[in-house]
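Tertiary structure, described
Here are the chains, one letter per residue:
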Amino acid sequence: TYFEEDFTATGFGSYLAMPILRNEWSPDMSLDAAKAMVVKCLQICFYRDCRAFNRIQFGICDGQSVKIEDAFPMEHFWGHKMWTEKRLENSEKGVSDSW
């Protein structure tokens, strides 16, 4: 299959990252802005997948050269109260009231 597009996402990223790409991508964005947008997309996917790893690595191809950068950890925070609260154990009815 062949198609042309300015950006794409596959798998679960097609549901979670595509809205960010559609809203924030522009043809004249800088490399740093593009990287920040990609990190934002990957953070969303990372929070959704409990088995994901928080380290990412950029590869940049500009038509003249290829550069593979060192991997780095994405910032993340898992300590939000709603994420750590034991809602099933605190429920009087014995079922979660989080829905």
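Basis of the calculations
Residues numbered from 1 in each chain as written. Predicted model: local features only at pLDDT ≥ 70, side-chain atom pairs only at ≥ 80, totals over all residues. Heavy atoms only, no water. Helix = DSSP H or I, 4+ residues; strand = E, 2+ residues; numbered from the N terminus. Contact = heavy atoms within 4.5 Å. Salt bridge = Lys/Arg side-chain N within 4 Å of Asp/Glu carboxyl O. Buried < 20%, exposed > 50% of the residue type's maximum accessible area, 1.4 Å probe, protein only. Phe/Tyr/Trp six-rings, centres within 6.5 Å; stacked < 30°, edge-to-face > 60°.

We now examine the side chain of Lys-35. Secondary-structure assignment places Lys-35 in helix 3 (residues 31–48). Beyond its immediate stretch of four places on either side in the chain, Lys-35 contacts Phe-58, Ile-60 and Glu-69.

On to the pattern of salt bridges, then. Using the criterion set out here, one finds 3 salt bridges in the structure. Between Glu-24 and Lys-40 there is a salt bridge whose closest N-O contact spans 2.5 Å. Pair noted here: Glu-24 is in helix 2 (residues 18–24) and Lys-40 is in helix 3, with a separation of 16 residues, a long-range link. Overall, Glu-24 belongs to the partly exposed group, its relative accessible area being 35%. By relative accessible area, Lys-40 is classed as partly exposed at 37%. Residues Glu-69 and Lys-67 are paired through a salt bridge, measuring 4.0 Å at the closest nitrogen-oxygen approach. Each of Lys-35, Lys-67 and Glu-69 takes part in a single network of salt bridges with overlapping partners.

With that settled, the discussion passes to the packing of aromatic side chains. Enumeration over the complete set of coordinates arrives at 4 aromatic pairs. Relative to Trp-25, the ring of Phe-7 lies with its centre 5.5 Å away and its plane at 55 degrees, an arrangement referred to as tilted. Separated by 18 residues along the polypeptide, Phe-7 in the segment before helix 1 (13–16) and Trp-25 in the loop between helix 2 and helix 3 bring together distant segments of the chain. Its relative accessible area of 17% is what places Phe-7 among the buried residues. We classify Trp-25 as partly exposed; its relative accessible area is 28%. Both rings, one in Phe-46 and one in Tyr-47, keep their centres 5.8 Å apart while their planes meet at 55 degrees; by these two values the pair is tilted. Residue classification places Tyr-47 among the partly exposed positions, given a relative accessible area of 29%.

Geometry only, nothing functional implied.
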